[in-house]
Structures are given as C-alpha cells and as structure tokens.
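Coordinate inspection notes
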Amino acid sequence: MTRAQIANYGIFFAFALVVIGLMLVSPAFRAPENLVSIGRQIAVLGIASFAMTFVILAGEIDLSVGAVASASGVVTAMALAAGMGPWAILVGVGVGAGFGLMNGLLTIYAAVPSFIATLVSFFIAQGVALTLTGGRTILFDADWFRDLFATGTVFGLRSAFLWLIFAFLALWWLLARTRFGAHVYAIGGNQQSARMLGLAVDRIKLIIFTMAGALMGLVGMILISRIGNARSDGAIGLEFDAIAAVVIGGTALGGGTGSLLRSLIGVMLIGVLNNGLAILNVDFNAQQVIKGVLVIAVVLLDRWARGLKGASA
Amino acid sequence: MNQSVAKLLRDVMPYLGLVLLVGYFSFSSEFFFNARNFERLATDSATLMLVAFGMTLVILIGEIDLSVSAVVGLLSVVLAQMMVAGLAWPIAMVLVIVLSVAIGTMNGVITVYGQIPSFIVTLGMLAIATGLAFVFTGSVSVAILQYDFLDLFYSDQIFGLPIPLIIVTLAFLTCVGLLNRTRFGRELFAVGANMEAARLSGVPVKQRKVTVFAIMGLLVGVGAVLSAARLGNGAPGSSPTLTLDAIAAVIIGGASLFGGWASVVRTLLGALLIAVLNNGMVLLNVNIDAQYIVKGVIILFAVVLERLASGARS
Amino acid sequence: MTSPHRQSSLRLVLTGITKRFPGVTALDDVSFDVRAGEVHAFMGENGAGKSTLMKIGAGIHKPDAGHIEVEGARVTLGSPSDATDLGIHTVFQELTVLDNLDVGQNILIGQEPMRGGVWLDRVALYREAQAVLDRLDIKLDARAPIRTLSTGQRQMVEIARACGETPKVLVLDEPTSSLGRQEEELLFALVDRLRADGVGIVYITHRMSEVFRLADRITVLRDGKHVVTAPRADFTREALIAAMVGRSVDERPSGSAVEDLHVALRVEGLARGSVVRDVSFDLHAGEVLGVAGLMGAGRTELARLMAGVDAADSGQMHLFGEPFAPGNVADAIAAGVAYLPEDRKTQGLILSLSVADNIALPNLGRLSRSGILSMTKLRELATIWSAKLGIRAASPQVAVDTLSGGNQQKVAIAKWLATEPKVILLDEPTRGVDVGAKAEIYALIRDLAAQGAAVMVISSELPEVLQISDRIAVMAHGRIAGIVPAEGATEESLLDLAFTEVQDGQGVAA
C-alpha cells in the first residue's frame, strides 16, 4: 500500500482485523447478545464523536465535552428530581448548549485558541457538576425519561441505540448533504480563504460549538438514563475518547478532511476494543493506557502517511 | 473596552487580585494572616509553583501541557512503590525525576517531530499516566514510610527556611535568569512569537522546543517529589487541580495565549494568587468543589482581558 | 483592438477614496471607474496603493473618505460578500481556492444548488460547474480534486468561480504572476471573452506586454495618489514608465567594476525538487549580483539552499575554496553567509520583539559566553547598528511592529549585517518601503560590496536590478537562463531571458 492508501483505508483494515481477531479468540465476544450490548455501549461515545467531528473538521477542538455532558446530566437529574417533568429535557440540552455557546463566543469573538477556551469550560462545567452533587449520587425517579433516552425499546432496539442512529443520520445529512456542511469543510480547509469568499465563518463556527454543546446535553441525558442516576464524573474522559474515535477514523486534526462515517467506524473500533478487552479481563485502567498510546500512534501514522513537512531543523 | 485600558487592567490585575484576596481572607479568617499559615501556604504551594514556572516556558513557546496532574500522580505512585520495595529514598527520588524528564522529553519529541498539537499529545499522556498510576496501585494510595524523606522536605529547615521554599526560590531565580539573561531564553521568545522567523535567524527551533518540554519534565518531577513528601503517600489522583492551577497562574500572569510573551515573575504572582485562594478557601470552609468554578471564571476573565489587551477583535 | 467605450455603462465608480493605515496614507483622494466591456489596467510600482484600492473594491478594507457607486447607485462595501452580492468579484494574487475540495465545489461555493431548499444537489452542482467551465472554454473536469491541479489551473478555477454568474466587475490581481506562457495565453483569451460578454475588468499587473496586449484604458498610481487615466493609445511604453516612476530613473552609480574579483561562493549543480534545477554560478567578493526572474522561477528557493534554510537534493558549494554545506541557518551564519528573507513580517523579523532583540537574534552566540548573555554587549550591538543604518526608533527597546515599513526593513537588514557576513543574500530588500528608504538601502548595498562583501540581490523590480547590480543572473523555471553584465542590459533583454522556455522539461543551457 502507498502512504496515501494507508492514510485513507487503514482504519477499515484495522477495524476488520480487530473484529476478526476478537471473534477468533473469544466465544463470549462473538455471542449475538454481546454485539447488541456493544451497540448500546457506543451510544454515548458515538454522539460525542459526531459532535467532535464537526468541531475538528472546522479546524477547532472541544476539550469540554466530558465535563459538559456530566454537568448536563447532573442538572437534568436534579430537575427531574425536583419534579420538572419534560421541562427537564429542555434544561439538560440548555445547559449543554450554554457551555457550547460560551466556547464559541470565546473562540470566535475573543479570539482565544479553542483548546484554551474549551479548557476553561471544562473546568467550570466540572465545578458545576461537583458542586451540585457535593460528591453524592443524584437519584431521580422518572421511568418515562429513562425509557425515552436509554432503556426503552422499539422493534427490539434500545432507545439509546436509536438515538445514536438518529443522531448519525441527522448529522450525516447536515454534514454531507447541506450547504452548511459544505461550508464546514471549506472553513476547515482554509479559514482565511473561506472568509474572503464571503462564507459566514463566524456564524458557522458558533453554530458548531453550540450544537456540540447541545449534543453533550443529549449525551448527559442518555448517560443518566442508562444507569438511573447522575454523578459528577459521569462522562469523565469522554473528550479524549471522542477525539480518539474521530482521529482514529481518519479525520485530520487541523480540519478540512474527514467524514462522519469515518468517525462512526472509529467509534465502533473503540467500542469493540473496550468490549473485547473487558471480556478478555484486561483491567479498565490498562484500557486507558492502550487508548492513549493508540491515539498518539494513529496521529503519528497519519502525519507520516500524509508526508511530514520541513525535515530540516 | 479600550485596548489601553485592557492592557492596564491586565498588568495590574495580578497585583490587585492578590492584594484584594489577602485583604479579604485576613478580614474574614482569624487564621489567615500569621506567619505559621504563610509558611504552610508556601510549602503547600511548592509543587504548583514549580509546575507553573515550567508551564510558563511551555506556553511561551506556544504549546501546552495538559498531562501534569496525571504525571504527578503517576510519579508519586512510582516513588512510593520504589520505597516500599526497599529502595533508598535518594535513589528513588533521582529515578523518579529522571522518569519525569523522560516523559517531558517524550511529549516534546512527539509534538515537535511528529508535528502533532501538544494538547493532543499531552492529553494522550494524561490518559496513559492516569491508567498506569491506577494499574500500579490498584486504586489505593501507597504510604511512604521512609521518614528521613518526609522529614527532609517537611520538617527540616535550612537557615530557618523550609526546604520546599528554598527549592522554589532557586527554581524561580533560575527560570528568570534563563529567560532573560541567556541565549536559550531569548531564543524561546523568538520561537514562541514566530517559529519561521526564528528558524531563518539560525535558532534551532525543534531542539529548543524539546528542551522546554524536558525542563517542564524536570520541574514536574521535583514537584511530584515534594507533593509525595507533603502527602506522605503516592496516589493516582493526588493533585487533581494542578493542571488547572498551573495554567491559571500563567494566564493570570498575562502570558500570550498564542506564545511569544510570558514572564516567570508575573507567573509567580499568578501562582501566589491561586495559592492564597486555595489556602483561604480551606480556611473559610468553602466547598472544595466550588474552586473549579471560581478558578474557571478567573481564567475566563484573564483570558478575555489578555485578548482585549493584545487587540483581538471583540 | 479598442472596444467601444460606452460612457453610459459605468459599472463601478470609486470617487475620492482615501485610506490611512497607522503611519502611512495608502491612498490619497483616488478616483477610478470601470465600464462595461472594457479592460482597465491598473499600474504602479510596489506600494503605489494598487492592492489597497483593490481591497476596498472587494469590501475587505473600508475607505476613510470617498464613496463607491455600482451602476449609478451609492453603496457601502462592508464585507467581501457585500461586494460579490453586487457583482464585483476579485481574483487575488494569493489564491483562495480550497485545496481540500474539488473543482465543482470550489466554483459554486456559497451558491451550491439545493433541492427542496434543504438537500445539496450534487448532480446539479457538477453539471452547473461543468457548464461554467465549458462556457469559459476552460478544459477542466468539475470533479477533479484541486490538489491534483497546477497553479495555473487553480487560477482558472478561481476565475471560473468569479464568473459563475457573469459578474459586473471582475478584478484580476497580477493574474499571470505564477503562470507559464501557455497558461498565460489561455488567460488572455479568457479575458477577451469576458470583455466581449460585457464584463468590466480591472486588471492589475506589473507587466508592460500584458497592458499593451489587453488594456482599453490605463490608470497609473504613485505613492497612493492618482497620476493619470487615459486610453491605452495615449501611452507609449516610455510614457507609462515615466508616469509610474514619476522621475527619470537615476543613473546607475558607477559600480566597483574591479577586474580581478575573486570568487567568494561557488555554486555547482545545486538542485532541489523541480524548483531549483542544476544551478551553477560564481558569486564574487566585492560585487553585487542581481537575480531577476518571474515569480516562481526559483530565485528565493535558490537563496534558501545557499543559506542552509532548506537542504539541497544535490550539488555542492565552496565558500572561499572550502566546501560549504550548511545543515541549517546557524551553520551558514557561522560560515559568514547571511540571508535576508523576502517577507519581513512573517520571516525576516519578530514583530512583537524589540529592535534590540531582533538585531541580537542571529548574533546571540557571539553575545553570550557559555550561554549567558552579556546585556551590555547586546545593547551596544543594537545601538551601533541602529545608528549605522539610520533606524528611526524611539529607542532600541521599542517593539519592531511600531516602526514604519522602511525602518522595519532596516532592522531586518541590520540584524544580518551585524553577523558580519562575507556573503549576503538579500531577497527583495526594498519591498514595501518608501522611496527615501529605498535610496538608503541601495547605498547600503553598494557600500557592502565596496567593503568587499559578496552581495546577491533578488528583486522583482527590473529597474532596481539594473540600477544596483554589477552582473545580473536571470532565472527561469528553476534554472539560470543567463548571467549578463548590468552595463548594457535592459529590461527587455532581462525579460527576454526570464521568458526562456523550458524544452522537453529539460530547460535551457545556462
């Protein structure tokens, strides 16, 4: 394979390899019910990765993803516990969108690099979640809510999984089949040129950040619905897994090239890997180590495949 | 806001903030304004100071290190385990510092030669270090029972000064001298402001950047040793807010977020402000979790002020 | 080839435009108009204000005074999209083609055809884009990824984008600067076709031949002021040059025509990729070697190889007889070779640092002992060189970005002279500086040569090359097309060399 081919199709081979390998090694892995449970497990990571795909395609980054999802989950749970009923959904999405809006405003209008702007949101959201819970677990009693976001089934499919499918289809359409999506690529390709061409760079970025925040609200609600309570560290480290999935899928850091489908495959790869490693009794913490190494290795490989520039010191 | 007003505010804020905080805590807690508390404040914040000095250099060259909390956790665990295994503390200490320099260098090499944004590399390192720390401990903290080690850093004194304070002072003077009075330091300003122009002026940009990450490793390593000695154990999550605090200190100090300007002296002010805040909030029994929000908002304020002062569009 | 001037069909009128930037008035009460179906050429030396005026027309800068009319109606151009909405399209020298997309996506960006208002209609997108390409007779596939195209092809895409809907006004900014001759002919044909379609074309260029080939009317700007607007037929080449220069070109100061110059730097077979190909020449101590050539001829790339910025694929150099193979800029500095890069803002200087820090940067090795700087020496160095070059700054401690363009350039030169080089390579040393500073820099260059340094000056301004050089090397397509004595050389003879065609991808004999 040439470098370019490795960069473009390596992920598909890697995915096939991991799945086949695990199927051969582990009977538990290849059990049908396990595949269903993988589908359920990747809902949270999947939606977060889709949001991250937009952000990275536009040439930015969002480090606040996990903390914002946790905070949204906590706030929603408290709203449910306070008897707000369906309004709680609005609150959850609103909290997420609010943080996303802040990320966007800071990045675009204050010209703060997005890794700093979203780091600030990360800290504040983490503080909100920690302070509201005070280290406790927030319980709520709303079966309708849990059914809606995670535990309910339609045609035998869990609602969390349906949300994933729905989010994928809607966001795929937005990215691949609308003018907005086309302009996301343009901005990521060359922001200066996009501005010269009269594209609404600032507005599109603001929408992307806010949308990513709102989607973290959804993620937070799926998260608390799945386990039936909310904790301050519910989605800890999610930003890293999401960046990992996007990057492993082959969407380039720096923006302009990649796709939602690629991120989906990245998500499935991580989902399968997590599941497989757990089945093979690999410690959760060791999984973290493996993922950390994997991300750096994949990014390095991607840089290599695209050809490193500036060889001389 | 007018740019010159923002500049003035940015320059005055660390002093003003520090004075206001000290005033407020002195007024609201009888335990705050006394020598004993100040000594505690100094020793408690030693690790933060060292890491903040390192972070100043890293931000000066336009990079970031998000892995410090996790790495300090990992190093403290390794240090404790080595002592439990019977290694003499001086050897264990040196090994841990060497390990930390190696981790820093690795961050630098991957960032610079792999051309990967440092926030991704150090985020990866964060995951790796966190995972390894838990793997090594099985999620429990490991007690350090070599009392010579604990006493050296937190009971013994030289000329009536606690040893962590002496180390921080030495590190501070070295960093200030390094940045302002050496070839290396002047070149870092050039590298941070304009890498290409620096390269065309004969500055070995890549080596300089890797060296900065290695220095960061050294400071993090020493910081981890002090942290382990203060806590008397090694634990993965021993300093959860360290990364936040260090970045906050540098940004409050008015460093440019894009690199090219930073000052260790002003970072010291920023770090003092954070240290006073940490200390005062404990004295006032403020919910420890609320500090994330308080510090987050402070950084937010500092960041926007810095952008206004440097004339970014508003 | 005079097309009828229909006075009634004024497309774009700029009246009394003034634009000030900190420290400089870029445009001073300039008026300008373009009519339907004409090519209005826009000429002037670097810094005359052409690009500022163009950016005002494109809605990127807002004028401090004056007003703009499009087809008789007063308008405000607050953003690039205001201009395009009114049918004013600008093709910048720096292309805005997005290379992560394909041809069709680029042509219709912002105007993507939609189905039912929400679905991107990809079939229609490529069909419409292809129709635009076909209409303009541009032989490109709408589905081709941009990264597979040549620079000339990318420019065609850029023009096609501007002509998706036939524009009212099309502004072309030095469109041939990076084109080969065949691509140029295609471009000229395209301009002719657009003119016939009634488009008002503003054509900014440095090249005489293009002006006389294409223009209906010509406007000359000088130092931000309007000099003259007249039909092409009213100009001779000499008159045009006189209008641009505003003075008879100074006599060339008598060069130090020393007979027995010895070789300072010998370059043999130097090559890098396709940009620098098998270049050999000698640079003598005490001479000024001018290097002319079109944009993209490989001049800057050659200088970068000589200064250790980039690594050569093959070839060798000898510095005063010793093998010279710099691995990086520091090696070159140590050996006594200095390179002033062409863009002082992004390459030559660090704008946020002080004059003193900038001058010290390539000299830090000499100013320090075991890494520790002598601040006294650093200040001395800055003071000495600020004085030598007449840098007008409040103190050596002020940031360089507060200085005027000319003074910035002097700082950029000073930092290299302070390294006391034996060989100095100057890339566009007078770009964007005012006339006064230009004269000072010319004098400086002559002085350097007189003191025995080997000086190589890359310049895109032929009069400048002719004025300051002892010998002139002309590059074309990565090779040296010829080296001639400056005495007796003319702009025409140099351009003739610069246009030397490459044969069979092999190129010319040097």
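Residues numbered from 1 in each chain as written. Chains lettered and ligands numbered in written order. Predicted model: local features only at pLDDT ≥ 70, side-chain atom pairs only at ≥ 80, totals over all residues. Heavy atoms only, no water.

Examining the sheet that holds strand β4 (residues 65-70) of chain C
Residues and elements named next belong to chain C. The antiparallel open sheet is built from 4 strands, whose spatial order is β2-β1-β4-β5. Of all strands in the sheet, those with a lone pairing partner are β2 (24-35) and β5 (73-75), marking the two edges. With strand direction ignored, the average angle separating the axes of adjacent strands in the sheet is 25°. The sheet contact formed by strand β1 (residues 10-21) and β2 spans 8 bridges and is antiparallel. Across the sheet, residue K19 finds its bridge partner in β2, namely L27. (Pairing = 2+ DSSP bridges. Helix = DSSP H or I, 4+ residues; strand = E, 2+ residues; numbered from the N terminus. Axes fitted to C-alpha atoms, helices over the stretch in contact; angles between N-to-C directions.)

Looking at the interface of chain A and chain B
Taken together, the 46 residues of chain A in the interface contact 45 residues of chain B. A combined buried area of about 3,700 Å² lies between chain A and chain B, and 75% of that area is made up of carbon and sulfur atoms. Inspection of the chain A/chain B interface yields 0 salt bridges. Counting every contact that joins chain A to chain B gives 2 residue pairs in polar contact (both at pLDDT 80 or more). For the side of chain A that touches chain B, the per-class residue count stands at 31 nonpolar, 10 polar and 5 charged. (Contact = heavy atoms within 4.5 Å. Buried area = accessible area lost by both parts, 1.4 Å probe. Salt bridge = Lys/Arg side-chain N within 4 Å of Asp/Glu carboxyl O. Polar contact = N/O pair within 3.5 Å; in protein donor to acceptor, adjacent residues only side chain to side chain. Nonpolar A, V, L, I, M, F, W, Y, C, P; charged D, E, K, R; others polar.)

A look at the interface of chain C and chain B
Contacts between chain C and chain B engage 27 residues on the former and 18 residues on the latter. In this assembly, chain C packs against chain B so that about 1,700 Å² is buried in total across both faces, 61% of it on carbon and sulfur atoms. In this structure, the connection of chain C to chain B is made through 3 salt bridges. Here C:D310 makes a salt bridge to B:R199, at a shortest N to O gap of 3.9 Å. Counting every contact that joins chain C to chain B gives 6 residue pairs in polar contact (both at pLDDT 80 or more). Of the residues assigned to the side of chain C that touches chain B, the class counts are 16 nonpolar, 6 polar and 5 charged.

A word on helix α5 (residues 87-108) of chain A
The end-to-end C-alpha distance of α5(A), which contains 22 residues, comes to 31 Å, matching closely the 32 Å that a straight helix rising 1.5 Å per residue would cover. For α5(A), the full list of buried residues reads A:A88, A:G92, A:V95, A:G96, A:A97, A:F99, A:G100, A:N103, A:G104, A:L106, A:T107 and A:I108. In this structure, the buried side of α5(A) is in contact with α4 (65-81), α6 (114-133) and α11 (201-227) of chain A together with α14 (290-309) of chain B. (Expected span 1.5 Å × (residues − 1). Buried < 20%, exposed > 50% of the residue type's maximum accessible area, 1.4 Å probe, protein only.)

Comments concerning the pattern of salt bridges
All names here are of chain B. Summed over all chains, the structure comprises 39 salt bridges over all chains. The partner of E63 in a salt bridge is K209, with the nearest N and O atoms 2.7 Å apart. Placement of E63 in the loop between α3 (46-60) and α4 (68-84) and of K209 in helix α11 (residues 205-231) is noted, with a sequence separation of 146 residues between them. Across this residue pair, the class does not change: E63 and K209 are buried.

Describing empty space enclosed by the protein
All names here are of chain C. Within the structure shown, the criterion is met by 5 cavities of 30 Å³ or more. Quantified by volume, the largest cavity comes out at close to 100 Å³. If you go around the largest cavity, the residues you meet are L12, L14, F32, F42, K50, L53, M54, G57, V171, V202 and I204. Secondary structure elements with two or more residues in the lining of the largest cavity: β1, α1 (50-57) and β10 (200-204). (1 Å grid on protein atoms, 1.4 Å probe; cavity = no way out; pocket = protein on both sides within 12 Å on 5 of 7 lines; lining within 4 Å. Points joined across faces, edges and corners; volume = space filled by probe spheres on them.)

Here's the deal with the confidence of the model for chain B
Residue and element names in this part refer to chain B. The predicted model of chain B averages 90 in pLDDT, with 99% of residues at 70 or higher. Confidence, expressed as mean pLDDT per element, reaches its minimum in chain B at strand β2 (residues 157-158) with 79 and its maximum at α3 with 97. Note on the complex model: pTM 0.84, ipTM 0.86. (pLDDT = per-residue confidence, 0-100.)

Observations regarding unusual backbone geometry
Even without glycine at this site, B:Q115 takes up a positive phi of about 50°. Mapping B:Q115 onto the fold places it in the loop between α5 (89-113) and α6 (118-137). By relative accessible area, which is 24% here, B:Q115 ends up partly exposed. Even without glycine at this site, C:E420 takes up a positive phi of about 50°.

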